[in-house]
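Geometric and topological summary
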Amino acid sequence: MTDSLIYIRERDKEPDCWHPARAVPVAEGIYRVTSVPSGVSLEFGVGDRVVCAQRAFPDGSEALLALRAAT
């Protein structure tokens, strides 16, 4: 399966700060995180299953964001 670029929110950062990560789709809208950047504390880590959706950033760009843990 091909991996995808997703963005994961940094913990305890105001305003929200999103970092790129790699993930593989496992079901409709659900991804398993395969790699994350080092040196930052993110809400999700490698191996976590997350619900993702396409969202717009304030600058008008769009990206696939990890919104919550998948159950």
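What counts, and where the lines are drawn
Residues numbered from 1 in each chain as written. Predicted model: local features only at pLDDT ≥ 70, side-chain atom pairs only at ≥ 80, totals over all residues. Heavy atoms only, no water. Core = buried A, V, L, I, M, F, W, Y, C linked by side-chain atoms within 4.5 Å. Buried < 20%, exposed > 50% of the residue type's maximum accessible area, 1.4 Å probe, protein only. Helix = DSSP H or I, 4+ residues; strand = E, 2+ residues; numbered from the N terminus. Contact = heavy atoms within 4.5 Å. Pairing = 2+ DSSP bridges. Salt bridge = Lys/Arg side-chain N within 4 Å of Asp/Glu carboxyl O.

**Thoughts on the nonpolar core**
- Ile6, Ile8, Ala21, Ala23, Tyr31, Val33, Leu42, Phe44, Val50, Cys52, Leu64 and Ala66 form the largest nonpolar core, which has twelve residues in total.
- Broken down by secondary-structure element, the contributors of at least two residues to this core are β1 (4-9), β2 (18-27), β3 (30-35), β4 (49-56) and β5 (62-69).
- With near-sequence residues (within four places) excluded, Leu64 lies in contact with Leu5, Ile6, Tyr7, Tyr31, Cys52, Ala53 and Gln54.

**Side note on the pairing of β5**
- Relative to β5, β4 runs antiparallel, the two sharing seven bridges. Bridge pairing links Arg55 to Ala63 in β5.
- Connecting β4 to the next strand, β5, in antiparallel fashion are five residues, including Gly60 with a positive phi near 95 degrees.

**Quick notes on the pattern of salt bridges**
- One pass over the full model with this rule turns up three salt bridges.
- Between Asp3 and Arg22 there is a salt bridge; the shortest N-O distance is 3.1 Å. Residue Asp3 is located in the segment before β1, and its partner Arg22 is located in strand β2; the two are separated by 19 residues in the primary sequence.
- Between Glu43 and Arg9 there is a salt bridge, with its nearest N and O atoms 3.1 Å apart. One end of the pair, Glu43, is in the loop between β3 and β4; the other, Arg9, is in strand β1, with 34 residues separating them in the sequence.
- Residue Glu43 is classed as partly exposed on the basis of its relative accessible area of 28%.
- Among the charged side chains, a salt-bridge network with shared partners connects Arg9, Asp16 and Glu43.

Nothing here speaks to function; it is all geometry.
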